Amino acid sequence: MANSSGKGPITHVIFDMDGLLLDTEKYYTEVQEIILARYNKPFDWSLKAKMMGMKAIEAARVFVEETGISDSLTAEDFLVEREAMLQNLFPNSELMPGASRLIKHLHAKGIPICLATGSHRRHFELKTQRHGELFLLMHHVVLGDDPEVKQGKPSPDIFLAASKRFEGGPVDSHKFLVFEDAPSGVNAAKNAGMSVVMVPDPRLDSSYHATADQVLSSLLDFNPDDWGLPPFEVTAS
Ligand SMILES: O=P(O)(O)OC[C@H](O)CO
Ligand SMILES: [Mg+2]
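Fair warning: this is a prediction, and the values are worked out from it, not measured in the lab. (Residues numbered from 1 in each chain as written. Chains lettered and ligands numbered in written order. Predicted model: local features only at pLDDT ≥ 70, side-chain atom pairs only at ≥ 80, totals over all residues. Heavy atoms only, no water.)

### Considering the pattern of salt bridges
Summed over all chains, the structure comprises 15 salt bridges. Across the pair D18 and K127 runs a salt bridge, and its minimum N-O distance is 2.7 Å. In this pair, D18 is assigned in the loop between β1 (12-15) and α1 (25-37) and K127 in helix α6 (residues 121-128), connecting sequence segments 109 residues apart. Assigned by exposure class, D18 and K127 land together as buried. A salt bridge links D146 to R165, with the nearest nitrogen and oxygen atoms 2.8 Å apart. With D146 in the loop between β3 (141-142) and α8 (157-163) and R165 in the loop between α8 and β4 (176-180), the pair connects residues that are 19 residues apart, well separated along the chain. The class for R165 is partly exposed, based on a relative accessible area of 28%. Salt bridges linked by common partners bring D146, E148, K164 and R165 together as one network. (Salt bridge = Lys/Arg side-chain N within 4 Å of Asp/Glu carboxyl O. Helix = DSSP H or I, 4+ residues; strand = E, 2+ residues; numbered from the N terminus. Buried < 20%, exposed > 50% of the residue type's maximum accessible area, 1.4 Å probe, protein only.)

### Some thoughts on the site of ligand 1
The local shell around ligand 1 holds 13 residues, among which D16, D18, E25, T117 and G118 are the closest. Within the backbone of G118, a nitrogen or oxygen atom sits 2.8 Å from an oxygen atom of ligand 1. In this structure, an oxygen atom belonging to ligand 1 sits 2.8 Å away from a side-chain N or O atom of K153. For ligand 1, whose unbound accessible area comes to 300 Å², protein coverage reaches 95%. Here the shell around ligand 1 is composed, by residue class, of four nonpolar, four polar and five charged. (Near = heavy atom within 4 Å. Polar contact = N/O pair within 3.5 Å; in protein donor to acceptor, adjacent residues only side chain to side chain. Areas by Shrake-Rupley, 256 points an atom, 1.4 Å probe, with all protein chains shown as cover. Nonpolar A, V, L, I, M, F, W, Y, C, P; charged D, E, K, R; others polar.)

### Details of the confidence of the model for the protein chain
Where the model shows low pLDDT, its predicted coordinates should not be examined in detail. Confidence along the protein chain averages 95 in pLDDT terms, with 96% of residues attaining 70 or more. The complex prediction reports pTM at 0.95, with the ipTM value standing at 0.95. (pLDDT = per-residue confidence, 0-100.)

### Concerning helix α9 (residues 183-191)
For α9, every residue scored as buried is listed here: P183, S184, G185, V186, A188 and A189. The elements touched by buried residues of α9 are α2 (45-51), α8, β4 and β5 (195-198). Trailing α9 by a residue or two, G193 shows a phi angle of about 80 degrees, which is positive. (Contact = heavy atoms within 4.5 Å.)

### Focus on the nonpolar core
Among the nonpolar cores identified, the biggest contains 29 residues, and V13, F15, L21, L177, F179, F222 and L229 are the most heavily contacted of them. For this core, the secondary structure elements donating two or more residues are β1, α5 (99-108), β2 (113-116), α7 (132-135) and β4. Broken down by element, the residue count for this core peaks at four residues, all from α5. Beyond its immediate chain neighbours, meaning those up to four positions away, V13 contacts L106, I111, P112, I113, C114, F166, L177, F179 and L229. (Core = buried A, V, L, I, M, F, W, Y, C linked by side-chain atoms within 4.5 Å.)

### Here's the deal with the sheet that holds β5
Whenever strands of a sheet pair, they do so through backbone hydrogen bonds, lying parallel or antiparallel. Strand order in the open sheet made by the six strands is β3-β2-β1-β4-β5-β6, with parallel pairing throughout. Edge positions in the sheet fall to β3 and β6 (214-215), since each has one partner strand and no second. As judged from the two bridges shared by β2 and β3, these two strands associate in the parallel manner. Looking at β3, one finds that A116 is bridged to V142. Strands in contact with α9 are β4 and β5; relative to β5, the strand with the most contacts, it is inclined by about 165 degrees. (Pairing = 2+ DSSP bridges. Axes fitted to C-alpha atoms, helices over the stretch in contact; angles between N-to-C directions.)

If you want it as structure tokens, here you go:
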């Protein structure tokens, strides 16, 4: 049943990972600042906005081309250099505020949930190694190196692949709610015909908010009833 705001009915939920469930975007920012400093260039949020959410090689191409360093550093060499730093940082990954509460709530209420991340398998394992129990609540996980994900976000490939793998087979796109932090991810969800709640970093230019169906400062602010989803239990104070 749709709620009073006309959104929904939502029956299935897809979560992005980096920057949405896990506070990992800061690691990408940190190492990219270090690499660009060598070329006396700053890494700013206009470039960050174009890269975040993408598959690694796609983001790498944007990085070397947009910064004008592609004659000195190839996208492939950038990835090798970035990787050496990232693999030491990812095992420290922490959950974003409200992520655990929302995943546990939807799972407990029997709402089918899954993960759709541009991260490839090795990075997924490093980032989630401290959060295994929580990620096991996902019905399935679709990663950036999945054979069915031909193109990364903003292509709808990853969300369409995710929508086919629930019990009972494919589900209509309009029954999905996607949670995303990145402009490319919001566009991918809309390209898949899905509704999307955006939880952007406050440093992201607000012009990127317009495509999302709802924009929140934090997952803690999500109200399931806005989407016809089961409400959080009221806890006695
Ligand atoms: O935001 P995600 O989870 O799709 O991850 C994408 C990249 O790995 C990081 O921007
Ligand atoms: Mg993300």
